[in-house]
Amino acid sequence: MAIFAKTKNEAKYLAIKELHETKNYRIQWMCKILHIQRSAYYKWLKRPIPAQEQENQELAEIIIEYHQKYGGILGKRRMCMFINRNYHKNYNIKRIHRIMNQLNIHSEIRKRRRNCTITNKADQKAENLLQREFEAKAPNEKWTTDVTEFKVPHSHEKLYLSAFLDLYDRSIIAWVISDRNDNLLVLETLKKAMKLNPNAHPLMHSDRGFQYTSQTYRYQLKNQNMVQSMSRVASCIDNGPTEGLWGIIKTEMYQMYEINDRKSLIEAIEKYIHFYNHERYQERFHSKTPMEVRTEAMSEEKPIQYPIAFNPRIEKYKESLRQLKTQSAEC
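Read on for an overview of the structure. Bear in mind the structure is a predicted one, so any value in this text is a computation, not a measurement. (Residues numbered from 1 in each chain as written. Predicted model: local features only at pLDDT ≥ 70, side-chain atom pairs only at ≥ 80, totals over all residues. Heavy atoms only, no water.)

### Quick look at the overall build of the chain
Argument step 1. Looking only at helices and strands, one finds 13 helices and five strands in the chain.
Argument step 2. Within the chain, the fraction of its 331 residues that count as buried is 44%.
Argument step 3. Considering only contacts within the chain whose residues lie at least 6 apart along the sequence, 64% involve residues at least 24 apart. (Helix = DSSP H or I, 4+ residues; strand = E, 2+ residues; numbered from the N terminus. Buried < 20%, exposed > 50% of the residue type's maximum accessible area, 1.4 Å probe, protein only. Contact = heavy atoms within 4.5 Å.)

Here you go:
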């Protein structure tokens, strides 16, 4: 592993050592090609390895292992978080980033989703009561939901995933996979969510898809003492957390698991949701998983608050709302 060069010829020494051990190249020939004295190479080879250099080598091996294990989904921040959490260390993110660069290891970058749900004028709507207030003070205060589509490889089939997301801990509290994107899919998800959280009465936010504007769905929410909220027309960011969840799943899942047919796609979705809820550490939650945060909050009278990082688009939207309210009051 020819990295971490600190002296003028150390990169050459490392290359000679690696090629000799892995390819059985002759040391004398390589020294001649690289204009290195054999005595200098052997002196370097017998030198005591500094503790930090040894640790960097071990750290590099861990980074390679994690990069392969998680399909390349870990960027510098989460790589640092995963290693520190699992190895009980406190490595600096700059150190992790430097080694990742030397190993040419980088995470995949998600593409921004640009399509939004178009309103269905035939059904009733609800106001956007959430108003991009994506921070909750406790579990079951605010839920968001949506349905996303997956194409089955090597076929014309599709699968649909309906999920409910809790905005406090960002855990997927209920989800259902179906061959059809219909009202039954969403109603089954709601039924599952209520079975797992029988005493929950959250604000329930969605886009304006036909499943969420149907009379049956609205009746079920009312029956569960839930207040319904809906995104505005063609405003994906109004349901930003759920849209972001779909982006995370579709970026990371396909890199982590081998998917080649309907069965493997369903298995991958199931495995990834478990990984997301129970194994995917999040920086906002101080390197805890969504389910760890949820479990802790359920046992606390005053759950810990985890502020959302500043988002200029959302703040601009909130400022416009404040201005409208001020103008309305003045009138």
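### Remarks on the environment of Glu-243
Argument step 1. If you trace the backbone, Glu-243 turns up in helix H10 (residues 240-256).
Argument step 2. For the pair Glu-243 and Asp-146, spaced 97 residues apart in sequence, the C-alpha separation works out to 7.9 Å.

### Details of the sheet that holds strand S4 (residues 203-206)
Argument step 1. Strand order across the open sheet formed by five strands is S3-S2-S1-S4-S5, with mixed pairing between neighbours. Two strands bound the open sheet, and with one partner strand each, they are strand S3 (172-178) and strand S5 (227-230). Averaged over all pairs of adjacent strands, the angle between strand axes in this sheet comes to 20°, irrespective of strand direction.
Argument step 2. The pairing of S4 with S5 spans four bridges and is classified as parallel. Residue Ser-206 lies in a different strand from S5, and its bridge partner there is Met-230.
Argument step 3. Strands in contact with helix H11 (residues 262-278) are strand S1 (142-151), strand S2 (158-166) and S3; relative to S3, the strand with the most contacts, it is inclined by about 175°. (Pairing = 2+ DSSP bridges. Axes fitted to C-alpha atoms, helices over the stretch in contact; angles between N-to-C directions.)

### Observations concerning the pairing of S3
Side-chain direction in a regular strand flips from residue to residue, so the side chains alternate between the two faces of the sheet.
Argument step 1. Along S3, five of the seven residues are buried, which leaves the element largely enclosed by surrounding structure.
Argument step 2. Note: S2 against S3, six bridges, orientation antiparallel. Across the sheet, Phe-164 pairs through a bridge with Ala-174, a residue of S3.

### Section: H10
Argument step 1. In a regular helix each residue adds 1.5 Å, so 17 residues correspond to 24 Å; H10 covers 24 Å between its end C-alpha atoms and thus fits that length.
Argument step 2. What H10 keeps buried is the set Pro-241, Thr-242, Glu-243, Leu-245, Trp-246, Ile-248, Ile-249, Glu-252, Met-253 and Met-256.
Argument step 3. Along its buried surface, H10 packs onto helix H5 (76-87), S1, S2, S3 and H11. (Expected span 1.5 Å × (residues − 1).)

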